[in-house]
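Geometric and topological summary
Below, each chain spelled out in residue letters.
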Amino acid sequence: MNKYFQRMKPTGTCPPRKPVSKIIWSWIGAFFGIFLVQAVSGHVSGLVLIGSFGASAVLIYGTPMAEFAQPRNLVGGHCVSAVVGVTVFLLFGSSMLAAPAAVSLAVVAMHFTRTLHPPGGATALIAVIGGDNIHVLGYRYVLSPVLLGSLLMLLVALLVNNMSANPKRHYPVYWL
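Just so you know, these numbers come straight off a predicted model, no measurement behind them.

From N to C terminus, the chain includes 8 helices and 0 strands. Along its sequence from the N terminus, the chain presents helices and strands in the succession α-α-α-α-α-α-α-α. Here the C-alpha coordinates of the chain stretch approximately 55 × 45 × 25 Å along the principal axes. Each of the 176 residues in the chain was classed as buried or not, and the buried ones make up 41%.

This is the structure:
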């Protein structure tokens, strides 16, 4: 048991705060990304903005070079997870197994498809616990809000993350 707790011993230190310019670019991206998705929600019938997009904003605008933030991971991770979440809900309904099954199977599916995007777990969870407004969508949930919202956020990420004068801040690192 002692070896188990030894593994929890820190091996590093907290990294320094990012430069103010990076923080400002992150803020601009997150603001306009969520703003665009919310604005489109007001002009199309149905929901476009879901909670997991908030976590995606942190990744794609705050850490645009990270593996989890790349377009394949953003769009693919959300869509794969949405399919898994809807399928689990259709199979298990609101049973006690539905939420853990949706999230854990979404993680597995994202690993197999090389689209791991942590907010995807929340997208799968929303498909199960999102209530009647989400459940009535069935697999349409994958198209809107999930695909439409993630593509809108990607558009903003492509614009904002390439506006910086810093040559190290570019997006994406890879597409597929």
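Anyway, onward from the coordinates.
The next point concerns the nonpolar core. Counting 30 residues, the largest nonpolar core has Val37, Ile50, Ile60, Tyr61, Tyr141, Val146 and Met153 as its most contacted members. Elements supplying a minimum of two residues to this core: α2 (20-41), α3 (52-62), α4 (71-92), α6 (119-129) and α8 (140-160). Tallying contributions element by element places α8 first for this core, with 9 residues. Not counting residues up to four positions away in its chain, the partners in contact with Tyr141 are Ile50, Ala82, Val86, Thr123, Ile126, Ala127, Ile134 and Val146.

What follows concerns α8. Between its terminal C-alpha atoms α8 stretches 29 Å, which fits the 30 Å expected from 21 residues at 1.5 Å a residue. Taking the largest bend as the criterion, α8 deviates by roughly 30°, centred on Leu147. Among the residues making up α8, those that are buried are Tyr141, Val142, Pro145, Val146, Gly149, Ser150, Leu152, Met153, Leu154, Val156, Ala157 and Val160. On its buried side, α8 packs onto α2, α3, α4, α6 and α7 (132-135).

It is worth spelling out the environment of Arg17 at this point. By the element assignment, Arg17 lies in the loop between α1 (2-6) and α2. Looking at Arg17, the relative accessible area reads 62%, which means it is exposed. Measuring from C-alpha to C-alpha, the distance between Arg17 and Ala124 comes to 32 Å, with 107 residues separating the pair along the chain.

The next subject is α4. A turn of α-helix holds 3.6 residues, and therefore any two residues three or four places apart point the same way. Compared with an ideal rise of 1.5 Å per residue, which puts 22 residues at 32 Å, α4 spans 31 Å between its outermost C-alpha atoms and is within 8% of the ideal. Just downstream of α4, Gly93 is the residue with a positive phi angle, here 60°.

Position of Asn2 relative to the elements: it lies in helix α1. Taking the relative accessible area as the measure of exposure, Asn2 reaches 56% and is therefore exposed. Considering only alpha carbons, one finds Asn2 and Gly42, 40 residues apart in sequence, at a separation of 56 Å.

With that settled, the discussion passes to the side chain of Thr123. Here Thr123 shows up in helix α6. Side-chain polar atoms of Thr123 contact the side chain of Ser52, separated by 2.7 Å. Apart from residues lying up to four places away in sequence, Thr123 is in contact with Ile50, Ser52, His78, Ser81, Ala82, Tyr141 and Val146.

Each pair of packed helices can be summarised by the angle the axes make with each other and by the distance between the axes. Interaxial distance between α3 and α8 falls to 11 Å at its minimum, and their mutual angle equals 25°. Taken as axis vectors, α3 and α8 run roughly parallel relative to one another. Relative to α8, the crossing made by α3 is right-handed. Residue-level inspection shows Phe53, Ser56, Ala57, Ile60 and Tyr61 of α3 in contact with α8, the latter providing Pro145, Val146, Gly149, Ser150, Met153, Val156 and Ala157. Split by residue class, the contact of α3 with α8 holds 9 nonpolar, 3 polar and no charged.

Running from amino to carboxyl end, α2 crosses α3 at an angle of 140°, the nearest separation of the two axes being 8 Å. Accordingly, the angle class assigned to the pair α2 and α3 is oblique. Handedness of the α2/α3 crossing: right-handed. For the pair formed by α2 and α3, the contact residues are Lys22, Ser26, Gly29, Ala30, Gly33, Ile34 and Val37 on the first element and Phe53, Gly54, Ala57, Tyr61 and Gly62 on the second.

Conventions adopted
- Residues numbered from 1 in each chain as written.
- Predicted model: local features only at pLDDT ≥ 70, side-chain atom pairs only at ≥ 80, totals over all residues.
- Heavy atoms only, no water.
- Helix = DSSP H or I, 4+ residues; strand = E, 2+ residues; numbered from the N terminus.
- Buried < 20%, exposed > 50% of the residue type's maximum accessible area, 1.4 Å probe, protein only.
- Core = buried A, V, L, I, M, F, W, Y, C linked by side-chain atoms within 4.5 Å.
- Contact = heavy atoms within 4.5 Å.
- Expected span 1.5 Å × (residues − 1).
- Bend = angle between axes of the 7 residues up to and from the residue.
- Polar contact = N/O pair within 3.5 Å; in protein donor to acceptor, adjacent residues only side chain to side chain.
- Axes fitted to C-alpha atoms, helices over the stretch in contact; angles between N-to-C directions.
- Parallel < 35°, antiparallel > 145°, perpendicular 65-115°, else oblique.
- Left-handed = near helix turned anticlockwise from the far one by under 90°.
- Nonpolar A, V, L, I, M, F, W, Y, C, P; charged D, E, K, R; others polar.

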